[in-house]
Amino acid sequence: MSSGRFTLDPGTRALLHDIGISVGGVLRRAQLPAGLFTHGPATLTAEEYYRFWDAIGAEADDPGLVVRMGRAISVEAFNPPLFAALCSANLRTAAERIAAFKPLIGPVVMAVDAGPGV
């Protein structure tokens, strides 16, 4: 995280394809290079990262996008935060693991508050 650049999951391109979103359209909307995914791992600044995800939402124009994405993700696609969550005994542990790993792959911080008595 110290470099200020974040690596997109290698499966992102395939995921977009699987849910019918044009990778080229997303990259154009986000003002990112057309060959972003062709030269090894794609890394983005925080600003580029947010433009990329905003572009996905605009390109999809679907309020159910998150559900579509969740259904399209398979356990075969190795993603450290998701893998850690899937290996958890309960939702609280899964959320805590995602919170611990998420800053490594994107400029997002997640706070887990179980509340009293939980």
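Here, every reference points to the structure presented above.
What you see is a predicted model, and the numbers here were worked out from it, not measured in a lab.

Each value, and the rule that gives it
- Residues numbered from 1 in each chain as written.
- Predicted model: local features only at pLDDT ≥ 70, side-chain atom pairs only at ≥ 80, totals over all residues.
- Heavy atoms only, no water.
- Core = buried A, V, L, I, M, F, W, Y, C linked by side-chain atoms within 4.5 Å.
- Buried < 20%, exposed > 50% of the residue type's maximum accessible area, 1.4 Å probe, protein only.
- Helix = DSSP H or I, 4+ residues; strand = E, 2+ residues; numbered from the N terminus.
- Contact = heavy atoms within 4.5 Å.
- Salt bridge = Lys/Arg side-chain N within 4 Å of Asp/Glu carboxyl O.
- Polar contact = N/O pair within 3.5 Å; in protein donor to acceptor, adjacent residues only side chain to side chain.
- Axes fitted to C-alpha atoms, helices over the stretch in contact; angles between N-to-C directions.
- Parallel < 35°, antiparallel > 145°, perpendicular 65-115°, else oblique.

K.L.:
Mind laying out the nonpolar core, listing which residues take part and the relevant values?
P.N.:
In terms of nonpolar packing, the biggest core is built from 22 residues, with Leu 8, Ile 21, Leu 36, Phe 37 and Phe 52 touching the most fellow members. Of all elements in the fold, only helix H1 (12-18), helix H2 (23-29), helix H3 (46-60) and helix H4 (65-72) reach the threshold of two or more residues within this core. A per-element tally of this core places H3 first, with 5 residues. In this structure Leu 8 touches Leu 36, Phe 37, Ala 42, Leu 44, Tyr 49, Phe 52 and Trp 53, once residues within four positions along its chain are discounted.

K.L.:
Requested: an account of the pattern of salt bridges, with residues and values cited.
P.N.:
If you walk through the whole model with that rule in mind, you get 5 salt bridges. Note that Arg 29 and Glu 59 form a salt bridge whose closest N and O atoms lie 2.5 Å from each other. Remark: Glu 59 occurs in helix H3 and Arg 29 occurs in helix H2; sequence separation between them is 30 residues. What makes Glu 59 partly exposed here is its relative accessible area of 28%. A salt bridge links Arg 51 to Glu 47; the shortest N-O distance between them is 2.9 Å.

K.L.:
Summarise the side chain of Thr 12; cite the residues concerned and give the values.
P.N.:
Mapped onto the elements of the fold, Thr 12 is located in helix H1. A relative accessible area of 6% means that Thr 12 is categorised as buried. Excluding residues within four positions of it along the chain, Thr 12 makes contact with Phe 37 and Phe 52.

K.L.:
Any details on the environment of Met 69? Residues and values, ideally.
P.N.:
With respect to the helices, strands and loops of the structure, Met 69 is situated in helix H4. What Met 69 contacts, discounting residues up to four positions off in sequence, is Leu 15, Ile 19 and Trp 53.

K.L.:
Give a description of the environment of Phe 101 that names residues and reports values.
P.N.:
Mapping Phe 101 onto the fold places it in helix H6 (residues 91-105). A relative accessible area of 33% means that Phe 101 is categorised as partly exposed. Separated by 19 residues in the primary sequence, Phe 101 and Leu 82 have C-alpha atoms spaced 9.2 Å apart. Ignoring sequence-local partners within four residues, the contact set of Phe 101 consists of Pro 81 and Ala 84.

K.L.:
Quick one: what's the story with the side chain of Ser 88, residue by residue and with numbers?
P.N.:
Of note, Ser 88 is situated in the loop between helix H5 (80-86) and H6. Within the structure, the side chain of Ser 88 is placed 3.2 Å from the side chain of Arg 97, a separation counted as a polar contact. The residues contacting Ser 88, other than those within four sequence positions of it, are Thr 93, Ala 94 and Arg 97.

K.L.:
Report on the packing of H3 against H4, specifying residues and quantitative values.
P.N.:
Where H3 contacts H4, the two axes come as close as 11 Å, and the packing angle between them is 105°. With respect to H4, the axis of H3 lies roughly perpendicular. Touching Trp 53, Ile 56, Gly 57 and Ala 60 of H3 are Leu 65, Arg 68 and Met 69, all from H4.

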